Amino acid sequence: MLVRAAELKSHLGQDVTLQGWVYNVRAMGKVSFLFVRDGTGISQCVAARDELDPETYELVKRLSQESSVRVKGKVRPHGNYEDQAELLLEGLEVLGGSEGYPITPKPHGIDFLLSQRHLHLRSRLPTSTLRVRASVIDEIRAFFNRNGFVLVDSPIFTPAAAEGTSTLFEVDYFGEPLYLTQTGQLYAEAACMALERVYCFGPTFRAEKSKTRRHLTEFWMVEPEIAFADLDETIDWAQRLVDAVIQRVLQDHRVDLEVLGRSPEDLERIQLPYHRITHAQAAEILHGPQARQLLERDLESKLLRIREIEKEIEEKEAAREAARKPRQREHLTGQVQQLQTELEELRIEVKNIPHHIELAANFDPKSDLGGSNESVISRLHDRPVFVTHYPRECKAFYMKRNAQDPSRVNNFDLLAPQGYGEIIGGSEREDDLQALLERIAEEKLDVADYDWYLDLRRYGSVPHSGFGMGVERLVAWLCGLSHIRESIPFPRLMGKVYPRKE
Ligand code: 4AD
Ligand code: MG
């Protein structure tokens, strides 16, 4: 019977077949351990010299990493782990060889791994991340579907900007310029006037010239749009959505979280309701002593870690000089490379911290929160925090002005904890035709481009609100990834398209 790694333990005592790829082989004299990876996990297969024909036994020892195989044998309780099973190998068929697989079990630098992303996907961290990502997307859809939202796909070719003209990718559309969409929102708003509660979910593009841990040029965004909803209602939808995703990940992905080094308790602690502050309060926090102390402590601990790493590198380099076996030397080289990557990153961070202290202290209360400001705010809160009512001039033209304070808009950003920063941006939409025309003029946008959008205000305009959640930012946070590039199968960043040989 054909089974997969995850099902092995429910077939104790039975003869089964597994198909997959060679993850590793450990030859121990009388027994060899063959680790076979399939899409659901890694199975330990035990080859016992005395019980297997000599030819197969020798073949097992010669198997190279990532060869594809079909193995047969009897399922029995795992030698070391009570709750697991292993396969006592009886037969082996090699489907496809694999010579010189470039990603070995030794540590590699992330740049190299991403240049090999088409193969890197087979490694444990990417497979766990991709599994979590798939469930995150599935839960997002399930959440909206069970709450009466209708999926309406928005187009990717668009004639105009919705999120600022500076981040548009232009494409030649039969000789005419069009752009890759930055957001499906304007189309979702049209659909919302037809179906009341809708969401669009697709790839979006930003030609952002930012090389940060949070920016991709191509990312996936889900955007609900809700007729008759105000800011409070929309915030509630947003937090219920995030909570549903967290519960799903906790329910289905404990093992993946562990593989990723993300403690499930970190996520379990995140209870509803999330915190809520205004932009003005955020400015006060940034100007206050808490923000400065946080960053100063950061600086200290990072400097300490730098000294530690420098010492470790020295020690490992000395050990490498002394090492006799090439494999040992190679292993140490890999470890040194990894430490050097960490060191480089820390040095950049340390160089930036004084700047971040300044950015916080001199934060202009009329401006948008920058990445480092968001980090400070989010690290000072143990749950996600909604920041509301940003100054009008730093936000998009479609956001509705606050009735009491017209210098602000009724919007929110949701900042994830632990410094992950903005994962959702949303707002009430300006539903008044005149106010919208003023904003379009203020932003120097061509009103003709928005004529169809203005029709939504001409014919039965209603109050409505919505938000956009970036899937990669959410996955990076939930998985505890240090960089957004690992949250998407094939990342696109400024200057980097993986996989592609440099
Ligand atoms: O805040 P943003 O720009 O909002 C919009 O696009 C609205 N039209 C959404 C709406 O109200 N329907 O983007 C929304 C989210 C951000 O909070 C972030 O999670 C993600 O999209 N995002 C990015 N993710 C990765 N790389 C980038 N360059 C991103 N830019 C935005
Ligand atoms: Mg935003």
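All values reported here derive from a predicted model rather than from experimental measurement.

**Brief notes about the sheet that holds strand β9 (residues 176-180)**
- Strand order across the open sheet formed by 3 strands is β7-β9-β8, with antiparallel pairing between neighbours. Strands at the two margins of the open sheet, each flanked by one partner only, are β7 (157-158) and β8 (170-173).
- Where β7 meets β9, 2 bridges bridge the pair, whose relative direction is antiparallel. Within β9, the residue paired with Thr158 across the bridge is Tyr179.

**A short note on the environment of His118**
- Mapped onto the elements of the fold, His118 is located in helix α3 (residues 117-120).
- On the accessibility criterion, His118 (40% relative accessible area) is partly exposed.
- Sequence-wise, His118 and Val36 are 82 residues apart; in three dimensions their C-alpha atoms are separated by 19 Å.
- Sequence-distant contacts of His118, that is, excluding residues within four places in its chain, are made with Phe490 and Pro499.

**Observations regarding the site of ligand 1**
- Around ligand 1, the structure places 23 residues, and the nearest of them are Glu163, Gln185, Glu223, Glu422 and Ile423.
- Separating an oxygen atom of ligand 1 from a side-chain N or O atom of Arg206 is a distance of 2.9 Å.
- If ligand 1 stood free it would expose 630 Å²; the protein chains cover 94% of that surface.
- Among the elements of the structure, β11 (218-227), β15 (421-428) and β16 (464-470) are those that each provide at least two residues to the shell around ligand 1.

**Some points on a nonpolar patch on the surface**
- A contiguous nonpolar surface patch, about 380 Å² in accessible area, is contributed by Phe157, Tyr173 and Phe174.
- Note that Phe157 resides in strand β7.
- We classify Phe157 as partly exposed; its relative accessible area is 44%.

**As for the side chain of Ser427**
- Looking at where Ser427 falls in the secondary structure, it is placed in strand β15.
- In terms of polar contacts, Ser427 uses its side chain to reach the side chain of Arg429, at 2.8 Å.
- In this structure Ser427 touches Tyr398, Met399, Asn410, Asn411, Phe412, Ser465 and Gly466, once residues within four positions along its chain are discounted.

The rules we used
Residues numbered from 1 in each chain as written. Chains lettered and ligands numbered in written order. Predicted model: local features only at pLDDT ≥ 70, side-chain atom pairs only at ≥ 80, totals over all residues. Heavy atoms only, no water. Pairing = 2+ DSSP bridges. Helix = DSSP H or I, 4+ residues; strand = E, 2+ residues; numbered from the N terminus. Buried < 20%, exposed > 50% of the residue type's maximum accessible area, 1.4 Å probe, protein only. Contact = heavy atoms within 4.5 Å. Near = heavy atom within 4 Å. Polar contact = N/O pair within 3.5 Å; in protein donor to acceptor, adjacent residues only side chain to side chain. Areas by Shrake-Rupley, 256 points an atom, 1.4 Å probe, with all protein chains shown as cover. Patch = residues over 30% accessible without salt bridge, like charges linked within 9 Å, V, L, I, M, F, W, Y side chains within 5 Å. Salt bridge = Lys/Arg side-chain N within 4 Å of Asp/Glu carboxyl O.

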